[in-house]
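The residues making up each chain are set out below.
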There are 4 protein chains.
Amino acid sequence: MTLQACAIFSAKDLRMIDIDETAALAPDQVRVTYGTGGICGSDIHYYHEGRVGAFEVKEPLILGHEIAGTVREVGSAVDDLTPGQPVAINPNLPCLACENCLAGRTNLCKDMVFFGSAAVTPHIQGGFREELVVPRRQCVGLPDGFDLSIAAFAEPLAVCLHAVNRAGPLTHRSVLVTGCGPIGCLTIQALRLAGVRHITATDVAAGVLATASALGADETIDISHDSRILDAYEAGRGHFDASFECSGNALALHSCLNATKPRGTVVQVGMMPPGNTGLPLGKIVSKELHLAGTFRFHEEFDIAVDTLVSGRLDVSSLLSGVFSFDEADAAFAAAVDRQQHMKIQLRFT
Amino acid sequence: MTLQACAIFSAKDLRMIDIDETAALAPDQVRVTYGTGGICGSDIHYYHEGRVGAFEVKEPLILGHEIAGTVREVGSAVDDLTPGQPVAINPNLPCLACENCLAGRTNLCKDMVFFGSAAVTPHIQGGFREELVVPRRQCVGLPDGFDLSIAAFAEPLAVCLHAVNRAGPLTHRSVLVTGCGPIGCLTIQALRLAGVRHITATDVAAGVLATASALGADETIDISHDSRILDAYEAGRGHFDASFECSGNALALHSCLNATKPRGTVVQVGMMPPGNTGLPLGKIVSKELHLAGTFRFHEEFDIAVDTLVSGRLDVSSLLSGVFSFDEADAAFAAAVDRQQHMKIQLRFT
Amino acid sequence: MTLQACAIFSAKDLRMIDIDETAALAPDQVRVTYGTGGICGSDIHYYHEGRVGAFEVKEPLILGHEIAGTVREVGSAVDDLTPGQPVAINPNLPCLACENCLAGRTNLCKDMVFFGSAAVTPHIQGGFREELVVPRRQCVGLPDGFDLSIAAFAEPLAVCLHAVNRAGPLTHRSVLVTGCGPIGCLTIQALRLAGVRHITATDVAAGVLATASALGADETIDISHDSRILDAYEAGRGHFDASFECSGNALALHSCLNATKPRGTVVQVGMMPPGNTGLPLGKIVSKELHLAGTFRFHEEFDIAVDTLVSGRLDVSSLLSGVFSFDEADAAFAAAVDRQQHMKIQLRFT
Amino acid sequence: MTLQACAIFSAKDLRMIDIDETAALAPDQVRVTYGTGGICGSDIHYYHEGRVGAFEVKEPLILGHEIAGTVREVGSAVDDLTPGQPVAINPNLPCLACENCLAGRTNLCKDMVFFGSAAVTPHIQGGFREELVVPRRQCVGLPDGFDLSIAAFAEPLAVCLHAVNRAGPLTHRSVLVTGCGPIGCLTIQALRLAGVRHITATDVAAGVLATASALGADETIDISHDSRILDAYEAGRGHFDASFECSGNALALHSCLNATKPRGTVVQVGMMPPGNTGLPLGKIVSKELHLAGTFRFHEEFDIAVDTLVSGRLDVSSLLSGVFSFDEADAAFAAAVDRQQHMKIQLRFT
């Protein structure tokens, strides 16, 4: 049987292709019928530029790694999932054997297999396909009837839960979030769960600031009109205990470094353009700041699913559009329209 | 009575000036006769450029903050120092009342008084003077007859002990040190005390690499001839558990970021040129590195004195020249001659 | 002018005494008119036993350290409080100069002055008095009209916020709380603020378990009837990421050690009887548990006031009785009636 | 072919038995010819009492887990060990799949297979046998000709390196070690590597104190004659930054709790008698101490081998006797004679 998948061939050249998923399941595998999948920032880069940073599309690459679906068939050794059950798909498949995995840092696995990535050639194919065959450990079972469009937020939420963990305990602290796209907004929600006292969020688009406010930012600041608008927070060597840079903009990172208190932490969450970014190292030195990277997630995928299933977080307002794969070009256009859209999902029907 | 001091008026305009130190001691003060004092990197910047980064010399500034001397007189409330006793002078006088002091971070005190600094105007005068009057808590008593030229290393050693602490526990770990001037070499010694397994040190000057090797570097690499010489350490996402950038050179910092393992820490110890430094943020993000600043020291001054007095560290090989203040210009010239000199000290006689 | 205070002379011998508070204020002092004050566990021990552990009442001791009142007069240097303004009183007055204070651990100050304590002789008098004169830094200003009966919870809440901090980050974790008196219930609330995923609370009194449930415990277990009731949580080397022992009962501490996962933390919050408590050290060793003490609070007093003023926490349901000092014996009787009462406060009118 | 092994049948009933090791090697296995093996505290308990705590010998149990030997044969997939090469055997075989393994805590593996243990039935057989067949990952290759009697110290040294890690960074700190048997002495050596400033060691046997002193204790105290001898260290709420209890004696643990500073850590390394130990919980609470367990080791086995091979540690003075298995009863008698002996090893020839 041939099935369809949505692959990028080069910048803006997105096509539906036929794939073959007819091999019998291995004992520990699960066959999942695609339900819905979110378009992520890296998908957008592949679509618009044919690359993400140094990773260039060299052969057709099936995109997609924010996927939820329904179990269609389980391998002989899988006894805790049943056909018909909804599942969220964890796009990470770490080796569990390398130095980083054994140190409890599977997100930094030296032999990670990650959906939809041109980091290696042949590329690792992603999840925008009618059916996915994955090892049992990439599936997190959901309650019967659970809304797949919510479940597909588990992946980006896991990214943000991990980013928040990178800053150490933040309960009762004041935090700056720069950039209020899906990642910024989910970071705000993750910070709320972590018990922060006060969140200031900045962006240049009024629409996303309104969403940020609705999701838990105590204060939102439109920085598009006044370059001095954060001066009060930068006075006296800074105001915030920690900052999360979610925009991928160098100026925003400067704001974070300026407005964070001595010994505070700045976590770079958003993807910066490739190459070097000019940073005021003297600030980092004289304030003893920590600038920390964050990369994907570890145990946070399971936690993300739990927060969604338990209802502790409601991410539904972040879903601003659902398109069929027939309309994929329109979907990718919508995904970069920050005034109109937040998270876009793609479905087969 | 008038006494002499060595002040910078503007770039390369260094003069001996007369100062007045005749006021009676307050109960908690100590009058110290100058013994010897080291020339530090910031003194060098003031001398050669008339500024350190954003701090410009706007009035005559007495330099010097690596000072050891002999107690001449003690205030009425000082009962644990005696005239004639050698002392090391801690150039930090934190307020002990601000938020940072009370959180155990006196080095980040909001109202720090630090010797020899143009950070505020009027400038805070430094220690190159025949006599110093300081609060008791800036003196650390030394055993009778202790070599003042060794004691004057307490301050830069404290800087390096603090820098090492900023990276967390390093026992049994492998570490890179870029830059082997006095700060690099003292960092190597501080790392040895912290039980690191292996130190790789780099520089462009063969002389300082030899000193680094003698002081504890397991491997020294002259990076002046071959830009690919660290490639093997940068392969596979990096080799070192932590790196200490002690040269103030952006390329060295790039080497640190490239050659440090995922989740490792890079501590910027050396002073970078003012303004922005281009950094590969993608490396920091995808390897989840920590880039940490380090600024002066806290309890490490007392620890530095203890390591010197106990003989746990022998820094004597770092003292490469002693000049009288009459020869101060020659001393400042020597201090930047990295092929010939390491630490230069200045004395009145 | 003479004023009244409530002092303990020996076990169950509580009397109103006359005190003199007529001295002029020092510049940094504040005179506060008593509003209301909670009866704490140590007050109860002083009342019923004439001692708290090793601290024996040797002279009349004014009790009380959970106090809120109204500013009556301010010293000449106090410019940020005004007469008539409500304040919460921090009963801690650390020296800010000892090794522990300077390391950011003022709660462990070597020269702490703490309200209402027989730890030293002469005893340090407490806050159950018509007027209190305290340094400015012991007052936290409240908004006009703020309910003093809520403000008087700042002290016990600060104890619990500090206890929670002692366990490190707990966001998304599962926690056991043994003992649901005021300290247990406030710990539950502090844990909720810290973002824990699930709280299991145990006690032997149905009434306090109902309060615990209302305040945020996800599951409450009455352990009075069945000694095996926690077996499921103790299986497989334990279930909880951390436990907080708030009952002062050795068996409850055993439950904590048994039911906490390997590498988890058990914080002893409640006061154990003096002398030795038998503990299964083998459990601590083979599971690599951390057993941590917690003692009063540091910056958490200000945070506690903030959580109450901002409304992030609602502690009003914990106030189960208000007595006048004329009825103090009845108040102390009520304070130990765990079936009927939670927190009791005392007022002059 | 039948081979010999040394098994305990019940208390003091130790016998040589015949075992069968003729199965062909799996691809990832290694066959090792026994060289030498140390007698550990748990071996001693099995020998003298027929049990270790709750673990009772229910069937013949081959003892031994401090083993070094020589590769005799390698499986088809093993390409980095060669016949004739000396190896140290890591007695831990964690599952690498459970929650604890994946969190970087393999020593707490839920399905650990550990040499020579009656923790489960059938018992896990140990290493006192002519040949051992183990997975590749349990072997650490040694340089040609490396002294196996030194290599057999890797296991107890790893235990002590891990115990030291449990206390967090200790560079420049003062530490108490109670009990100077092999574990106490190796802890002292591990502390020296970690850069501690000063070690005070206590014991009741003059001989072991002399060894402790030779291996790096700065001060040794014979506590057998004067119960007040540590009073000076217990004054003012304690002197040491951390303590390591290596004797398994409750009074020594009390000394640790008394003599450790507020916020210090006490690590219980030695094995306490089964059941409850009376502890002064009030001390733990009011000083905010951390009492931490430590259990075996994780990455520290490789580090231990490295410290021995590199010569950073010289443990040779701890080997006080070598016996053949024919003299095993005499060896076990010697192993408990603390005045005469430290570590005893057993060999076949």
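Everything discussed here concerns the structure shown above.
It should be emphasised that the depicted structure is a prediction, and the values quoted were computed from it without experimental measurement.

### A few points about the overall build of chain A
Phase 1: When helices and strands are tallied, chain A shows eleven helices and 21 strands.
Phase 2: For chain A, the C-alpha radius of gyration of 20 Å lies close to 20 Å, the compact-globule estimate for 349 residues.
Phase 3: Principal axes of the C-alpha set define a box for chain A whose edges measure 65 × 40 × 35 Å.
Phase 4: Counting over 349 residues, chain A shows a buried share of 58%.

### Describing the relation of the copies chain B and chain A
Both copies of the chain are related through a single rotation about an axis accompanied by a shift along the same axis.
Phase 1: For the pair chain B and chain A, the superposition axis carries a translation of 0.0 Å, the fit reaches an RMSD of 0.0 Å, and the rotation angle comes to 180 degrees. Here the copies are linked by what is in effect a two-fold axis. For chain B, the minimum C-alpha distance to the rotation axis belongs to Gly278 of chain B and amounts to 2.0 Å.

### Here's the deal with a nonpolar patch on the surface
Phase 1: Taken together, the side chains of Val204, Ile223 and Ile229 of chain A present a nonpolar region at the surface, about 210 Å² in accessible area.
Phase 2: Mapped onto the elements of the fold, Val204 of chain A is located in the loop between β14 (198-203) and α6 (206-215).

### With respect to unusual backbone geometry
Phase 1: Cis peptide bonds are those with omega within 30 degrees of zero, and the linkage from Thr121 of chain A to Pro122 of chain A qualifies with 0 degrees.
Phase 2: As for its position among the elements, Pro122 of chain A is in the loop between β10 (113-114) and β11 (131-135).
Phase 3: For Glu288 of chain A, which is not a glycine, the phi torsion comes out positive at approximately 50 degrees.
Phase 4: As for its placement among the helices and strands, Glu288 of chain A is situated in the loop between α9 (281-286) and β19 (290-293).
Phase 5: A positive phi angle, near 50 degrees, is found at Arg296 of chain C, a position not held by glycine.
Phase 6: On the secondary structure map, Arg296 of chain C appears in the loop between β19 (290-293) and α10 (300-309).

### Re the environment of Ile39 of chain A
All names here are of chain A.
Phase 1: For Ile39, the location among the structural elements is in the loop between β3 (29-38) and α1 (41-49).
Phase 2: Put simply, Ile39 and Ala331 are 292 residues apart on the chain and 8.4 Å apart in space, counted from C-alpha to C-alpha.
Phase 3: With residues near it in sequence (within four places) discarded, Ile39 still touches Ile44, Glu66, Phe128, Ala331, Phe332, Ala335, Lys343, Ile344 and Leu346.

### Observations regarding the sheet that holds strand β6 (residues 61-62) of chain C
Residues and elements named next belong to chain C.
Phase 1: Judged by pairing direction, the sheet is antiparallel, and its three strands sit side by side in the order β2-β1-β6 without closing on themselves. In this open sheet, the two strands that pair with only one neighbour each are β2 (13-20) and β6.
Phase 2: Bridge count for strand β1 (residues 2-10) against β6 is two bridges, and the pairing is antiparallel. Each residue of the ladder has a partner; that of Ala7, found in β6, is Ile62.

### A short note on the pairing of strand β3 (residues 29-38) of chain B
Residue and element names in this part refer to chain B.
Phase 1: Most of β3 sits out of view: seven of its ten residues are buried.
Phase 2: Here two bridges tie β3 to strand β21 (residues 343-347), and the two strands are oriented antiparallel to one another. Paired with Gly38 across the strands is Gln345, a residue of β21.

### Overview of the interface of chain B and chain A
Phase 1: Each partner contributes residues to the interface: chain B has 36 residues there, and chain A has 36 residues.
Phase 2: Between chain B and chain A, the buried area comes to about 3,000 Å², and carbon and sulfur atoms account for 55% of it.
Phase 3: Area buried by chain B at its contact with chain A is led by Arg263, Leu281 and Glu288 of chain B, which between them contribute 20% of it.
Phase 4: At the junction of chain B and chain A, the tally comes to four salt bridges.
Phase 5: In this structure, the connection of chain B to chain A is made through 21 residue pairs in polar contact (both at pLDDT 80 or more).
Phase 6: Elements with a minimum of two residues in the side of chain B that touches chain A: α2 (99-102), α8 (250-259), β17 (260-268), β18 (277-279), α9 (281-286) and β19 (290-293) of chain B.
Phase 7: Residue classes in the side of chain B that touches chain A are distributed as 14 nonpolar, 13 polar and nine charged.

### Things to note about helix α4 (residues 154-165) of chain B
Residue and element names in this part refer to chain B.
Phase 1: Counted at 1.5 Å a residue, the expected span for α4 with its twelve residues is 16 Å, and the 16 Å between its end C-alpha atoms agrees.
Phase 2: Of all twelve residues making up α4, eleven are buried, and the element is well covered by its neighbours.
Phase 3: When we look at burial in α4, the residues that qualify are Ala154, Glu155, Pro156, Leu157, Ala158, Val159, Cys160, Leu161, His162, Ala163 and Val164.

### Quick word on the interface of chain C and chain A
Phase 1: Listed by partner, the interface residues are 16 residues for chain C and 16 residues for chain A.
Phase 2: Together chain C and chain A conceal approximately 1,300 Å² of surface at their shared face, both sides included; 48% is due to carbon and sulfur atoms.
Phase 3: Interface area lost by chain C to chain A is led by His172, Arg197 and Arg312 of chain C, which between them contribute 42%.
Phase 4: For the pair chain C and chain A, the number of links is four salt bridges.
Phase 5: Residues Glu299 of chain C and Arg173 of chain A are paired through a salt bridge, measuring 2.8 Å at the closest nitrogen-oxygen approach.

### Digging into the sheet that holds strand β2 (residues 13-20) of chain D
Phase 1: One open sheet accounts for three strands, arranged β2-β1-β6 (chain D); its pairing is antiparallel. In this open sheet, the two edge strands, each paired with only one partner strand, are β2 and β6 (61-62) of chain D.

### With respect to the pattern of salt bridges
Phase 1: What the rule picks out here adds up to 68 salt bridges over all chains.
Phase 2: Here Arg31 of chain C ties to Glu73 of chain C by a salt bridge, and the two come within 2.9 Å at their closest N and O atoms. With a gap of 42 residues between them, Arg31 of chain C in strand β3 (residues 29-38) and Glu73 of chain C in strand β7 (residues 66-74) connect regions that are remote in the sequence.
Phase 3: Owing to a relative accessible area of 6%, Arg31 of chain C belongs among the buried residues under this scheme.
Phase 4: The partner of Glu99 of chain D in a salt bridge is Lys261 of chain C, and the shortest N-O contact between them spans 3.0 Å. Remark: Lys261 of chain C occurs in strand β17 (residues 260-268) and Glu99 of chain D occurs in helix α2 (residues 99-102); the pair is interchain, linking two chains.
Phase 5: Residue classification places Glu99 of chain D among the partly exposed residues on the basis of a relative accessible area of 38%.

### Topic: the packing of helix α4 (residues 154-165) of chain A against helix α5 (residues 182-193) of chain A
Residues and elements named next belong to chain A.
Phase 1: In the contact formed by α4 and α5, the axes pass within 8 Å of each other and the chain directions differ by 55 degrees. Relative to α5, α4 is oriented oblique. For the pair α4 and α5, the sense of crossing is right-handed. Judged by residue contacts, Pro156, Leu157, Val159, Cys160, Leu161 and Val164 of α4 engage Ile183, Leu186, Thr187, Ala190 and Leu191 from α5.

### Topic: the packing of aromatic side chains
Phase 1: Here the structure, examined in full by the defined rule, presents 32 aromatic pairs over all chains.
Phase 2: Aromatic side chains Tyr34 of chain B and Phe348 of chain B sit 5.1 Å apart centroid to centroid with 90 degrees between the ring planes, which places their arrangement in the edge-to-face category. Of this pair, Tyr34 of chain B sits in strand β3 while Phe348 of chain B sits in the segment after β21; the two residues are 314 residues apart in sequence, bridging distant segments of the chain.
Phase 3: Taking the centre distance of 4.4 Å and the plane angle of 15 degrees together, the rings of Tyr47 of chain D and Phe332 of chain D count as stacked. Of this pair, Tyr47 of chain D sits in helix α1 (residues 41-49) while Phe332 of chain D is found in helix α11 (residues 328-335), placing the two residues 285 residues apart along the sequence. Judged on exposure class, the residue Tyr47 of chain D and its partner Phe332 of chain D are both buried.
Phase 4: The structure contains a cluster of three or more aromatic residues connected by ring pairs, namely Tyr34, Phe128, Phe325 and Phe348 of chain A.
Phase 5: Against the face of Phe114 of chain B rests Arg296 of chain B, its NZ or CZ located 3.7 Å from the ring centre.

### Focus: empty space enclosed by the protein
Where empty space is left in the structure can be found by rolling a water-sized probe over the atoms.
Phase 1: Evaluation of the coordinates by the stated rule reveals one cavity of 30 Å³ or more.
Phase 2: Estimates place the volume of the largest cavity at around 40 Å³.
Phase 3: Every residue along the wall of the largest cavity is listed here: Gly236, Arg237, Gly238, Lys261 and Pro262 of chain C together with Glu99, Asn100 and Lys110 of chain D.
Phase 4: Of all the elements in the fold, those that place two or more residues in the lining of the largest cavity are β17 of chain C together with α2 of chain D.
Phase 5: Taken together, the residues that form the lining of the largest cavity break down as one nonpolar, three polar and four charged.

### Notes on the packing of α5 of chain A against α6 of chain A
Residues and elements named next belong to chain A.
Phase 1: The interhelical angle for the contact between α5 and α6, taken along N-to-C directions, is 15 degrees, at an axis separation of 9 Å. Judged by the inter-axis angle, α5 sits roughly parallel to α6. In this structure, the crossing between α5 and α6 has a hand that is right-handed. Here Cys185, Ile188, Gln189 and Arg192 of α5 come into contact with α6, specifically with Val208, Thr211, Ala212 and Leu215.
Phase 2: Of the residues in the contact of α5 with α6, the class split is five nonpolar, two polar and one charged.

### Here we look at the pairing of β11 of chain A
Residues and elements named next belong to chain A.
Phase 1: Here β11 lies mainly inside the structure; four of its five residues are buried.
Phase 2: Bridge analysis of β3 against β11 gives five bridges, and the strand direction is antiparallel. Residue pairing in the sheet places Val32 in a bridge with Leu132 of β11.

Cut-offs used in this document
All residue numbers refer to positions counted from 1 along the written sequence of the respective chain. A letter from A marks each chain and a number from 1 marks each ligand, given out in the order of writing. The predicted nature of this model means local features are confined to residues of pLDDT at least 70 and side-chain atom pairs, given and counted, to a pLDDT of 80 or more, with totals for whole chains, interfaces and linings taken over all residues. Here the side-chain values reflect all heavy atoms present in the structure, with hydrogen atoms and water set aside. Counting from the N terminus, the helices are DSSP H or I runs at least four residues long and the strands are E runs at least two residues long. Values of the radius of gyration come from C-alpha atoms, whereas the globule rule sets the reference at 2.2 Å times the count of residues to the power 0.38. For every residue, the accessible area (1.4 Å probe, protein chains only) is compared with the maximum for its type, and the residue is labelled buried under 20%, exposed over 50%, or partly exposed between those bounds. Residues below a pLDDT of 70 in either copy are left out; the C-alpha atoms of the rest, at least 70 in both, set the least-squares superposition of the copies. Only residues whose relative accessible area exceeds 30% and that form no salt bridge enter a patch; like-charged residues are grouped when within 9 Å of one another, and nonpolar side chains (Val, Leu, Ile, Met, Phe, Trp, Tyr) when within 5 Å. The Shrake-Rupley method, run with a 1.4 Å probe, gives the accessible areas here. Residue values count only the displayed protein chains as cover. By definition, a salt bridge exists where a carboxyl oxygen of Asp or Glu is found within 4 Å of a side-chain nitrogen of Lys or Arg. Contact criterion: two residues are considered in contact whenever any of their non-hydrogen atoms come within 4.5 Å of each other. For two strands to be treated as a pair, DSSP must find no fewer than two bridges joining them. Summed over both partners, buried area is the accessible surface (1.4 Å probe) that two parts give up on being assembled. Residues adjacent in sequence count toward polar contacts only when both atoms are side-chain atoms; beyond that, a polar contact is any pair of N or O atoms within 3.5 Å, and within protein one must be able to donate a hydrogen and the other to accept it. By the convention adopted, Pro, Cys, Tyr, Trp, Phe, Met, Ile, Leu, Val and Ala count as nonpolar, Lys, Arg, Asp and Glu as charged, and the other residues, Gly among them, as polar. To estimate how far a helix should reach, multiply one less than its number of residues by 1.5 Å. Lines fitted to the C-alpha atoms define the axes, with helices restricted to the stretch that makes contact. Angles between their N-to-C directions range from 0 to 180 degrees. Convention used here: angles under 35 degrees read as roughly parallel, angles over 145 as roughly antiparallel, angles from 65 to 115 as roughly perpendicular, and any remaining angle as oblique. Left-handed is the label given to a crossing in which the near helix is rotated counterclockwise from the far helix by less than a right angle, and right-handed is the label when the rotation is clockwise. Here a Phe, Tyr or Trp ring, Trp counted by its six-membered ring, pairs with any other such ring whose centre lies within 6.5 Å, and the pair is stacked when the planes are under 30 degrees apart, edge-to-face when over 60, and tilted otherwise. Here, a charge over a ring means that NZ of Lys or CZ of Arg falls within 6 Å of the ring centre while also lying within 35 degrees of the ring normal. Each cavity reported here is a set of points on a 1 Å grid over the protein atoms alone in which a 1.4 Å probe fits but cannot get out, each pocket an open set with protein on both sides within 12 Å along at least five of seven lines, and each lining residue one with an atom within 4 Å of a point. Grid points are joined across faces, edges and corners, and a volume is the space filled by probe spheres set on the points.

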